[in-house]
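# Breakdown of the fold
What follows is the residue order along each chain.
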Number of protein chains: 4
Amino acid sequence: MHYASDNTGPVHPKVMEALLRANEGYAPAYGAEALTREVTNQIREIFEAPDAVVHLVATGTAANSLLLASHTAPWDTIFCSRVSHIHEDECNAPEFYCGGAKLTLVPTEDGKMSPAGLRAAIEAEETRGVHGPQRGPVSLTQATEKGTVHTLEELCALTEVAREFRLRTHMDGARFANALSTLGCSPAEMTWKAGIDMLSFGGTKNGLMGVEAAILFDPARDTEFQLRRKRGAHLFSKHRYLAAQMQAYLTDNLWLDMAAAANAACQNLADGFREAPGANLMYRPEANILFARLPRSTHRRLFAAGAEYHLWNGYLESGAEDERIAARFVTDWSANPSDTERFLSLL
Amino acid sequence: MHYASDNTGPVHPKVMEALLRANEGYAPAYGAEALTREVTNQIREIFEAPDAVVHLVATGTAANSLLLASHTAPWDTIFCSRVSHIHEDECNAPEFYCGGAKLTLVPTEDGKMSPAGLRAAIEAEETRGVHGPQRGPVSLTQATEKGTVHTLEELCALTEVAREFRLRTHMDGARFANALSTLGCSPAEMTWKAGIDMLSFGGTKNGLMGVEAAILFDPARDTEFQLRRKRGAHLFSKHRYLAAQMQAYLTDNLWLDMAAAANAACQNLADGFREAPGANLMYRPEANILFARLPRSTHRRLFAAGAEYHLWNGYLESGAEDERIAARFVTDWSANPSDTERFLSLL
Amino acid sequence: MHYASDNTGPVHPKVMEALLRANEGYAPAYGAEALTREVTNQIREIFEAPDAVVHLVATGTAANSLLLASHTAPWDTIFCSRVSHIHEDECNAPEFYCGGAKLTLVPTEDGKMSPAGLRAAIEAEETRGVHGPQRGPVSLTQATEKGTVHTLEELCALTEVAREFRLRTHMDGARFANALSTLGCSPAEMTWKAGIDMLSFGGTKNGLMGVEAAILFDPARDTEFQLRRKRGAHLFSKHRYLAAQMQAYLTDNLWLDMAAAANAACQNLADGFREAPGANLMYRPEANILFARLPRSTHRRLFAAGAEYHLWNGYLESGAEDERIAARFVTDWSANPSDTERFLSLL
Amino acid sequence: MHYASDNTGPVHPKVMEALLRANEGYAPAYGAEALTREVTNQIREIFEAPDAVVHLVATGTAANSLLLASHTAPWDTIFCSRVSHIHEDECNAPEFYCGGAKLTLVPTEDGKMSPAGLRAAIEAEETRGVHGPQRGPVSLTQATEKGTVHTLEELCALTEVAREFRLRTHMDGARFANALSTLGCSPAEMTWKAGIDMLSFGGTKNGLMGVEAAILFDPARDTEFQLRRKRGAHLFSKHRYLAAQMQAYLTDNLWLDMAAAANAACQNLADGFREAPGANLMYRPEANILFARLPRSTHRRLFAAGAEYHLWNGYLESGAEDERIAARFVTDWSANPSDTERFLSLL
């Protein structure tokens, strides 16, 4: 009953096998081997983007920060939701990589910005000439930090606002596969066809050891990106091990299968919460994250039985017995059906 | 009828005389002359702070940024009001000088943060260990960008919240003299006695050519501040001309006289707006800034007669005739009584 | 015959096994699991440094930059050899992480600074008050980029110069194990007992997939280091896989065995070059790197037979036949004896 | 007998008069007044560069840093002489403004780089792909920090090397007027006609209170420069006082007259040193700076009589009587002929 995070789970065995296979003999360093070329092409094909710039890094924060820095001047401000990972969970890494840029927080109920909210935020950075920050890119998260998934229409509506102000768009896709599995569309449809310029294509939260692909659909900043990656100390010498993971991930739809499994487990939990007395879902759980309010007594029972998850918004483990507390549950590819059943029965 | 800003007015003649007096013969560079020593001591006496670190720079943004950088790590977030100058009007200079720190915006109605709003903002930067930004200093503006002035009680209530979380406090005093003139208290009472650790002590908006004193009431970061000033290219070689201005400013209460004159002119304008048909004040004009809503027809009349001021919040010079538009009026030490009368008669 | 670099070789099978073992079930993220605690203690024991701060990152550049940043202010200059990796091969990463600090290059013949050269460099950064850069830490590389190894006496002589000026010392130990194997001393003797404050303890070049330990023998900057690591996007969520590699590395002296194998292979090559007609060694090959000058005809023969290594200092593959060209040969743990023999026979 | 620096002298009376004249009534802030437009055009005319971007700042370090930052990426290295002001006297300001770039030091005997030395330094930053720093602009100083002046041929030879590698060129012209006075050529000939892309056009060391013009002969980075200036806190609100100084400076050749006076005084000193027993000039004093070696006994006599100048290279005021010590003498526009005579008689 491990629902603390999708980064607490194991690596998929097929990925481990790929690492073992890659571990034969010598290979040129820094991505100059065949595996990296192959996986780059694989990603370009999957995204129907033959000119896309694709580079691998090991953490999602690195992918986000390096991509944003490629299109954010130090005097710019990045528009993102108030609960975005780049704002709340990266210890000012985007600001560091962008040389001191700002983040403008757009209100959100459920992890998504609304086009109107985004427009208002952009317009509020009114024209002050050189005095105020300049308008930089728009960053959105798919699936969101609240477990919701933007529809293609919602994505397009947001990127249209950005386009109107000639702003670039970034998608934090730490849970890209989970969202794609939900929408059932193509990777291209959920990105560049929907107006996305840059994508952090996550793998770590979905069964890899630590690999994300940073994708720039416009190839203009390729060299700059590579220099930023090296300067940020994110260029791996034994690069083949990043490439091998990503290759296994993309082969035979493993990435989609893992995402589907995680999402299905989440749906099972959601069904349980919908029926559990005194509990309710806080947002629509459309991917592999679920936020719920539950009576403290239920929480005690779950914790006593060994369930692991995070209390949210400052809720403490001890407190009034009749208090309803907020908690987050995240499932991953390795979610165990018997665990789920046990959890549901405890609920 | 010049109400565009207090930085459009001239330098006080006594300050020009001081510059001429300082322009005799040779003087050691970089602040090693007698004038700088004298003015440093003068400021320490006026603030009853014999150990205070005092350094002169030429712009308010430099004073704010260098002071904040002295007590803000790159992974910190600075708490300030949504309309603060450091957020809206410094093109990310604080972020630049702090090496990529963040600003957390506290809601405000009238330029002041409320203690509850500040506390909520601080608490919302919940304990995420190394994942989220760390809590950095609190910065407030006195007088505020909306023309209001914190009472001593209000200042203390805000700094007490900061102290509770062990956070440093900074006061952007670009219009310090105007606020002091309003409160009628001592400089010490409005700063360190009210819990302020760092002060940007403005001169430029109140009759100087371009001098601000950066004051650290706690002397621990003196050397670091000086290195930051030099590295920021803000150490003047011909430093005597900064010192001479500041010395004249502080001599015979010139600074307070100039602030009182500016405030009085603002009060006169305020009285006019209170009586003007269809107009109303947006905030309490407690220093030398006044925001008013006025009918577009009134605006046309004023502009046609040569009055200068800024429309606000995106209001345009052309538009529906019966629209009430927002505008900002700022007075300075040199405000001309006959101009004021003329303006009032036009109102 | 793969002598291009020690980062082109495979991961040791025991390390792969450790990864497979670590891949069981769930584990807390970000280093909060048992493996990380165990490996931290293991390193403290090996270094006889129970209070040392130990953090894992995935690249040597990250270890170097984060460690240096912990003790380098943006207005400082770091003293290092002209051929140091931090100067030549990190695309300004140290400058990035240190917020714009400078590197002062100390002359070197063979990768080592001399105490006199270091002292001269430090003294040349003469006391200009706030005008010039301030003296920051001294960084040395062990084994050096030229394949030489500082004796303990040489290390102590360099750190004594640093101490005299109250400067911190950093050791880039990308090839720490190779140097230790050469000297046959203890890890403590080659570091803190020799006056070293910070160590980049390399693993990647010596049989790991991508793990380095950043070690601060003085624990004062632990929190700051962790914030810097997260802000730099170098905190791994699935941290167990870094810890597992390092644990296998340190268990049963695997790290020393691998280094000894690499060094032995290098010695074999060195013997060959000493006897090869027209060839000569450029520096004393004391670890696993060898620089040699060889006739172009020899080079052609080696390349034709499939040997891989880097030409140096702008030497090109084509050119005058009788020219003697410089080349670098690096061995790693997996060096194949039959390869070596073949190479020697070609020589 | 004030020869400590050209920034210890007074402001020229005509400049003070211009400040007084500018101090009439209201003027738009931030350079939007007529004076700034006028002086911008004046500079464009003087430099025969109608499209040049011209912006005023108050310190030479600001001009240098902002200009260099306009054409230096954080992963670049700037080529400059070992004794350049940007390296030795700006406390890492260029590194700060360039976001962590590097400076590559080119050897120099007399303050000038040689074309061969520059080429060697550029070539030594050999092609390491993304691993090493990238080649950034070349910065030279005219007149140099050692008091020498590049001939037009020398300038062209250096910029040709830069052009060959497609690198931008910057001239630190803190003493531009002194050099121009020596060469007797036109400002255009000494800058863009000689291949210079960016110029820090100094005024502060030559009779102004604190104004430098940053000039970009290629207008492409105008907006970026202005954003950098604001972000660096170097945009003056009461900008008219910068413009007024520069306007007076350029009117009726005041700048050239002041430079000629300073140079003449320096020549007089030089003649004295040439004849003084036991003294000798260290470099050719071609502008307003003179380095000399003189017997300590002579130094004692000069100091006792009140002469002010800097000892150099760590020479101390006390020491062996027969030691010959190095000292720097700088003259400015206000150099007093009777002072000079007295100094010469003491020599």
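Values in this document were obtained by computation on a predicted structure and should not be read as measured data.

### Section: the interface of chain D and chain B
One frequent convention defines the size of an interface as the accessible area lost when the parts assemble. Contacts between the two partners involve 47 residues from chain D and, on the opposite side, 47 residues from chain B. Overall, the association of chain D and chain B removes approximately 4100 Å² of surface from exposure, summing both partners, and the carbon and sulfur fraction of that is 62%. On the chain D side of the contact with chain B, D:Tyr26, D:Phe96 and D:Lys238 bury the most area, a combined 21% of that side's loss. Linking chain D with chain B are zero salt bridges, by the criterion used here. Its residues assigned to classes, the side of chain D that touches chain B shows 24 nonpolar, 15 polar and eight charged.

### Focus on the interface of chain B and chain C
Contact residues are listed per partner, giving 14 residues for chain B and 14 residues for chain C. Together, B:Trp75, B:Val130 and B:Leu227 form the three largest contributors to the area buried by chain B at its contact with chain C, with a combined 46%. The interface formed by chain B and chain C holds zero salt bridges in total. Our enumeration of links across chain B and chain C arrives at four residue pairs in polar contact (both at pLDDT 80 or more).

### Here's the deal with the sheet that holds strand β9 (residues 289-295) of chain C
Residue and element names in this part refer to chain C. Pairing within the open sheet is antiparallel, and its four strands lie in the order β8-β9-β11-β10. The sheet terminates laterally at β8 (280-281) and β10 (310-311), the two strands that pair on one side only. One ladder, built from seven bridges, connects β9 with strand β11 (residues 324-330); its direction is antiparallel. Residue pairing across strands places Leu290 opposite Phe329, the latter belonging to β11. Running at roughly 25° to β9, helix α11 (residues 254-275) makes contact with β8, β9 and β11 of the sheet.

### Some remarks on the domain arrangement of chain A
All names here are of chain A. By the assigned domains, chain A splits into domain 1 (13-252) and domain 2 (255-346). The C-alpha-based centres of domain 1 and domain 2 are spaced at 28 Å. The interface of domain 1 with domain 2 comprises 26 residues on the first partner and 19 residues on the second. Carbon and sulfur atoms make up 57% of the surface buried where domain 1 meets domain 2, a total of about 1800 Å² over both sides. For the pair domain 1 and domain 2, the number of links is zero salt bridges. Summed over the shared surface of domain 1 and domain 2, the number is nine residue pairs in polar contact (both at pLDDT 80 or more). Ranked by residue count, the leading element in the side of domain 1 that touches domain 2 is helix α8 (residues 176-183), at six residues. Looking at the side of domain 1 that touches domain 2 residue by residue, the classes come out as 11 nonpolar, eight polar and seven charged.

What counts and what doesn't
Residues numbered from 1 in each chain as written. Chains lettered and ligands numbered in written order. Predicted model: local features only at pLDDT ≥ 70, side-chain atom pairs only at ≥ 80, totals over all residues. Heavy atoms only, no water. Contact = heavy atoms within 4.5 Å. Buried area = accessible area lost by both parts, 1.4 Å probe. Salt bridge = Lys/Arg side-chain N within 4 Å of Asp/Glu carboxyl O. Nonpolar A, V, L, I, M, F, W, Y, C, P; charged D, E, K, R; others polar. Polar contact = N/O pair within 3.5 Å; in protein donor to acceptor, adjacent residues only side chain to side chain. Pairing = 2+ DSSP bridges. Helix = DSSP H or I, 4+ residues; strand = E, 2+ residues; numbered from the N terminus. Axes fitted to C-alpha atoms, helices over the stretch in contact; angles between N-to-C directions. Domains from an automatic or database assignment.

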